[in-house]
Amino acid sequence: MDELLRMEHISKRFGDFYANKKIDLTVKHGEVHTLLGENGAGKSTLMNILIGLYQPTEGKIFVNGKEEHIDSPAHAVKLGIGMVHQHFMLVEAMTVFENIILGDRNVSGLFIDRDARRREIEELSEKYGLDVELDKLITEISVGAQQRVEILKALYHGAELLVLDEPSAALTDIEVEGLFAIMRKLVSEGKSIIFISHKMREVLHISDRITVLRLGEVIGTVNCAETDGKALASMMIGRELSASQYEKMEAKGECVAELKNVDYNKNSKHNGLNGVSMKVHRGEIVGIAGVDGNGQTQLAQLITGVLAPQSGSVELKGKSVSVYDPSSFIKNGVSHVPEDRNLQGLVGDMSITDNLVLKATTAEKFSRGKGLLLKKRDMARYAGEMVGRYDIRCTSVEQTVRSLSGGNQQKVILAREMESEPDLLVAAHPTRGLDIGATRFVHDKMIEARDKGVGILLISADFDEILEVSDRILVFFEGRIMGEYSGKNPPVEEISLAMTGK
Amino acid sequence: MTWITSLLLATVRMAVPLLFIALAELYSERAGMVNIGLEGLAAIGSLVGFLVCYITGSTWLGILCGALVGVVVNMIYAYATISLCADHIVYGMAINIFAPALASFIYRVYFGTGSDLKQIELMAGIGIPGLKNIPFFGDLLFNQTPMVYIAFLLVIVTCIFFNKTRAGLNYKAVGEHPQAAATLGIPVVRIKYLSCVLCGALSGIGGAYLTTCYSNTYSQGNVAGRGFIALAAVIFGRWTGGGVLLACLFFGFCDALQIRLQVGSFGVPYQFFQMIPYVATIVVLSVIGAKKGGPQANGKPYRREQR
């Protein structure tokens with residue numbers, strides 16, 4: 001088994017941030033090589049470099065021993081590299097057949113020689129057991145079949161190396177078995193596969209070798225036979241188990257929010273909730289751990305009134321909610337630091353002052369006659385105060401929030417949401433994209449609020465953050481709660497296994 | 001019998017300019033470019049076609065120049081929407097405002113503000129020997145100006161292009177899912193520009209047809225909403241060559257009908273008959289338009305880095 005692909009010292013820098021740092025990866029002929037890592041570990045960036053969507057900042061790529069500069073997806077196709085994207089790249093209004101032959105450069109001639117192309121495709125599909133109906137429209141076939149079309153398309157375009165980006169994510173269990181059978185068949189025919197996943201069970205089941213990435217660096221490459229889930233999990237999380245600097249509370253104050261058997265889109269593994277029951281009490285931080293896209297977004301939206309549950313109920317301070325809309329939740333003392341600060345948290349072109357008072361424009365403090373006339377001077381004075389208290393670095397309170405850095409934007413949101421003196425604070429990825437100093441500041445403010453008796457629901461894909469501040473940890477996987485753990489001396493490895501569905 | 005024959009003859013004559021403009025939109029939308037600036041493109045094509053024909057005496061040269069000016073003006077839309085990812089509707093609207101005004105302006109500058117009507121010689125009809133003598137159909141289909149033949153030929157070419165050729169398949173993929181097309185090495189941006197060249201040229205020809213083959217003068221507003229009816233025809237025709245042909249014949253028929261009804265009626269204000277094509281458009285759109293259709297990435301800007 002000699003090398004098909006060697007990536008040497010690949011680095012990719014976005015601004016000051018290294019998404020990939022000196023990554024070495026080799027893929028042999030006929031192996032399934034898994035890339036394992038948390039969100040943001042750099043897996044996707046690395047694959048985007050491989051298929052020519054990104055250019056590496058430094059490093060070399062060798063295909064069959066020859067150095068190549070892959071400058072476009074077309075070039076990657078020519079080199080025999082095919083990728084099945086997590087979100088399929090299929091034209092829905094076309095038939096399976098048309099999708100496969102799209103962009104074909106191996107044949108010439110003005111017209112499509114349907115019979116000849118068909119024969120070629122059928123040969124391939126028979127060889128690898130990729131069963132597809134060529135004349136159906138993409139919209140008429142199942143997700144599993146669409147995936148087979150994607151694989152067949154890549155093979156038809158001459159792929160020797162297939163990149164499968166979280167291929168099992170959208171499949172049912174039976175379909176996953178079918179996928180694995182196809183993968184084995186491909187490998188036995190000498191094709192190579194790069195498999196991206198964070199589902200431990202699947203990774204151990206199908207891989208020959210596993211490369212673990214963390215924070216843009218390779219932690220190590222191991223043979224699948226010589227490792228187990230626990231070892232991989234600790235490589236993935238890779239912590240020097242430093243104790244949290246915050247004191248963990250075991251508060252059993254009043255329950256500020258409770259979900260009872262809530263379902264939302266329950267058959268969707270990635271955008272739904274399935275029978276979720278949980279409580280948040282005063283004076284505690286409940287951390288939701290889990291890989292992004294396991295229902296956390298829906299949880300945050302449900303508990304802030306953006307979405308209504310399809311079954312089950314939500315209770316705020318012991319009272320069942322009947323009307324699901326954000327304004328009644330806000331009146332009930334729910335504050336929300338949303339997951340996307342630019343999309344949901346701020347109005348980018350408005351000033352810091354305006355954004356700070358956005359939720360309280362009818363309050364006596366800022367207006368006369370319930371919002372009829374704004375007290376501009378009071379608003380400005382208040383904004384000045386907030387800038388000081390929350391350490392918002394700006395040139396003036398009249399500056400647009402768009403012109404602030406991410407950390408300072410987050411502080412504006414935090415100031416607005418904390419100052420409304422909530423009973424429940426829902427913080428979704430509150431430190432995403434923030435540097436260490438700003439992250440620390442946000443955590444300090446959350447602890448401060450907790451000590452004042454606020455119940456906090458923290459949703460984060462950053463496991464470190466969850467461990468750092470949570471008093472209680474719930475693990476989400478495919479819309480379900482996989483387990484509940486104390487924030488004091490949490491069983492890290494057990495939790496990280498639960499995050500991968502095991 | 002003669003009433004019906006002349007009605008159908010007029011239908012074909014009315015449908016042809018619509019057909020050129022609707023095919024322009026078809027090529028545009030198949031590459032994901034919603035261009036509502038057809039009215040403007042046709043207006044400037046109509047003026048330039050007239051002007052060139054007036055100066056040189058050649059209707060063919062007039063039509064060619066109409067096509068060229070359509071392309072040039074449409075490049076404003078193309079650059080803004082493709083290269084700068086601007087909104088399609090905004091720039092289509094801009095062309096609708098800009099181009100007709102420019103056309104009137106050029107007309108005034110060239111001919112002054114006098115009221116005498118400038119006229120040109122219309123393109124002569126050419127009968128196809130043998131076929132033109134078939135009773136009824138002969139006059140209808142085989143005794144027309146060459147532009148009519150070109151229009152129908154174009155429909156056939158369009159059907160073959162989109163259904164039978166590899167290039168046509170790749171072209172359609174750009175309108176449906178540009179990201180997918182790009183990963184397969186299809187030059188998305190180049191095809192989008194090409195679509196705008198085709199759209200500009202065909203709209204310009206459609207406009208020039210109005211002054212060189214239909215009425216022998218130019219008057220302000222002579223496109224008379226055909227750009228918008230053509231938009232409707234593409235939707236009505238479900239984004240296919242054949243469908244667009246049928247839609248244009250239908251709208252052409254409505255137009256021909258209203259003219260004939262105006263002549264033969266007493267007591268009913270003629271404006272009611274004038275409404276027929278437009279009312280038909282609204283009815284058709286509300287019946288057909290409700291169903292979702294068309295290229296999926298239609299009207300969406302394509303950014304290469306965005307995935």
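That block above? That's the structure.
> Is there a simple way to think about the overall build of chain A in this case?
Looking only at helices and strands, chain A has 17 helices and 22 strands in total. Computed over C-alpha atoms, the radius of gyration of chain A comes to 26 Å, within 12% of the 23 Å expected from 2.2 N^0.38 for 502 residues, which places it in the range of a compact globule. Seen through its C-alpha atoms, chain A measures out along the principal axes to roughly 75 × 50 × 45 Å. Counting only contacts in chain A whose residues sit at least 6 apart along the sequence, the fraction spanning at least 24 positions is 67%. Accessible surface computed for chain A: about 22000 Å², of which carbon and sulfur atoms make up 48%. Computed over 61 positive and 73 negative side-chain charges, the inter-centroid distance for chain A is 5 Å.

> Quick question: what am I supposed to make of the overall build of chain B here?
From N to C terminus, chain B includes 13 helices and two strands. Taking 307 residues into account, the globule formula puts the C-alpha radius of gyration at 19 Å, and chain B, at 20 Å, falls close to it. By its C-alpha atoms, chain B is 60 × 45 × 45 Å across when sized along the principal axes. By the burial criterion, 52% of the 307 residues in chain B qualify as buried. For chain B, the share of sequence-separated contacts (at least 6 apart) that also reach a separation of at least 24 residues comes to 76%. Summed over all atoms, the accessible surface of chain B reaches about 13500 Å², with 69% contributed by carbon and sulfur.

> Looking at this structure, how should I read the interface of chain A and chain B?
Counting residues at the interface gives 31 residues for chain A, matched by 21 residues for chain B. Across the interface of chain A and chain B, roughly 2200 Å² is buried in total on both sides, 62% from carbon and sulfur atoms. On the chain A side of the interface with chain B, the three residues burying the most area are Met89(A), Leu102(A) and Ile112(A), jointly 23% of the side's total. Our count for the contact surface shared by chain A and chain B stands at zero salt bridges. Remark: the boundary between chain A and chain B carries five residue pairs in polar contact (both at pLDDT 80 or more). For the side of chain A that touches chain B, the secondary structure elements donating two or more residues are helix H2 (73-78) and helix H3 (96-101) of chain A. In terms of residue count, H2(A) provides more of the side of chain A that touches chain B than any other element does, three residues in total. Split by residue class, the side of chain A that touches chain B holds 16 nonpolar, eight polar and seven charged.

> Hey, could you run me through the packing of aromatic side chains in this one?
Geometrically, a pair of aromatic rings is defined through the distance of the ring centres and the angle of the planes. This structure, assessed with the given rule, holds 21 aromatic pairs over all chains. Relative to Phe111(B), the ring of Phe50(B) lies with its centre 6.2 Å away and its plane at 55 degrees, an arrangement referred to as tilted. A residue pair is termed long-range when its members are at least 10 positions apart, and Phe50(B) in helix H2 (residues 38-56) and Phe111(B) in helix H4 (residues 88-111) qualify at 61 residues. Measuring from ring centre to ring centre gives 5.6 Å for Phe161(B) and Tyr171(B), while their planes differ by 80 degrees; the resulting arrangement is edge-to-face. Of this pair, Phe161(B) sits in helix H6 (residues 146-164) while Tyr171(B) sits in helix H7 (residues 166-176), and the two are 10 residues apart along the sequence. The exposure class assigned to Phe161(B) is partly exposed, which follows from its relative accessible area of 21%. Accessibility expressed as a relative area gives 2% for Tyr171(B), which makes it buried. Sitting above the plane of the Phe97(A) ring, Arg118(A) keeps its charged end 5.9 Å from the centroid.

> Can you help me understand the sheet that holds strand E1 (residues 3-14) of chain A in this one?
Residues and elements named next belong to chain A. Spatial ordering of the open sheet is given by E2-E1-E4-E5, a layout of four strands whose pairing is antiparallel. Both edges of this open sheet fall to strand E2 (17-28) and strand E5 (66-68), since each of them pairs with a single strand only. Between one strand axis and the next, the sheet turns by 25 degrees as a mean value, whatever way the strands run. For E1 and E2, the ladder comprises eight bridges, and the chain directions are antiparallel. Paired with Arg6 across the bridge in E2 is Thr26.

> Can you walk me through H4(B) in this structure?
In an α-helix, one full turn covers 3.6 residues, which means residues spaced three or four apart are oriented alike. Residues and elements named next belong to chain B. With 24 residues, H4 should cover 34 Å at 1.5 Å per step; its first-to-last C-alpha distance of 34 Å lies within 8% of that length. For H4, every residue scored as buried is listed here: His88, Gly92, Ile95, Asn96, Ala99, Ala103, Ser104, Tyr107 and Phe111. Looking at the buried positions of H4, the neighbouring elements they touch are H2, helix H3 (59-83) and helix H10 (226-236). The N-cap residue of H4 is Asp87: its side-chain oxygen and the backbone nitrogen of Ile89 are 3.0 Å apart. Where H4 terminates, the next one or two residues include Gly112, which has phi positive at roughly 75 degrees.

> Just to check I follow, could you spell out the packing of H3(B) against helix H9 (residues 188-214) of chain B for this structure?
Each pair of packed helices gets described by two things: the angle between the helix axes and the distance between those axes. Residues and elements named next belong to chain B. Running from N to C, H3 and H9 cross one another at 145 degrees; their axes reach a closest spacing of 6 Å. Here H3 and H9 pass one another in a crossing that is right-handed. Here the contact of H3 with H9 is built from residues that sort into 17 nonpolar, nine polar and one charged.

> What exactly am I supposed to notice about the sheet that holds strand E14 (residues 311-316) of chain A here?
As a general point, the strands of a sheet are linked pairwise by backbone hydrogen bonds and lie either parallel or antiparallel. Residues and elements named next belong to chain A. Spatial strand order, E12-E11-E14-E15: four strands in an open sheet with antiparallel pairing. Of all the strands in the sheet, the pair left with one neighbour each is strand E12 (273-281) and strand E15 (319-320). Sheet topology note: the strand E11 (residues 255-264)/E14 ladder contains five bridges and is antiparallel. Bridging from a neighbouring strand, Glu258 pairs with Glu315 of E14.

Cut-off values and rules
- Residues numbered from 1 in each chain as written.
- Chains lettered and ligands numbered in written order.
- Predicted model: local features only at pLDDT ≥ 70, side-chain atom pairs only at ≥ 80, totals over all residues.
- Heavy atoms only, no water.
- Helix = DSSP H or I, 4+ residues; strand = E, 2+ residues; numbered from the N terminus.
- Rg over C-alpha atoms; globule rule 2.2 N^0.38 Å.
- Contact = heavy atoms within 4.5 Å.
- Areas by Shrake-Rupley, 256 points an atom, 1.4 Å probe, with all protein chains shown as cover.
- Lys, Arg positive; Asp, Glu negative; His and termini not counted.
- Charge placed at Lys NZ, Arg CZ, Asp CG, Glu CD.
- Buried < 20%, exposed > 50% of the residue type's maximum accessible area, 1.4 Å probe, protein only.
- Buried area = accessible area lost by both parts, 1.4 Å probe.
- Salt bridge = Lys/Arg side-chain N within 4 Å of Asp/Glu carboxyl O.
- Polar contact = N/O pair within 3.5 Å; in protein donor to acceptor, adjacent residues only side chain to side chain.
- Nonpolar A, V, L, I, M, F, W, Y, C, P; charged D, E, K, R; others polar.
- Phe/Tyr/Trp six-rings, centres within 6.5 Å; stacked < 30°, edge-to-face > 60°.
- Lys NZ or Arg CZ within 6 Å of the ring centre and 35° of its normal.
- Pairing = 2+ DSSP bridges.
- Axes fitted to C-alpha atoms, helices over the stretch in contact; angles between N-to-C directions.
- Expected span 1.5 Å × (residues − 1).
- Left-handed = near helix turned anticlockwise from the far one by under 90°.

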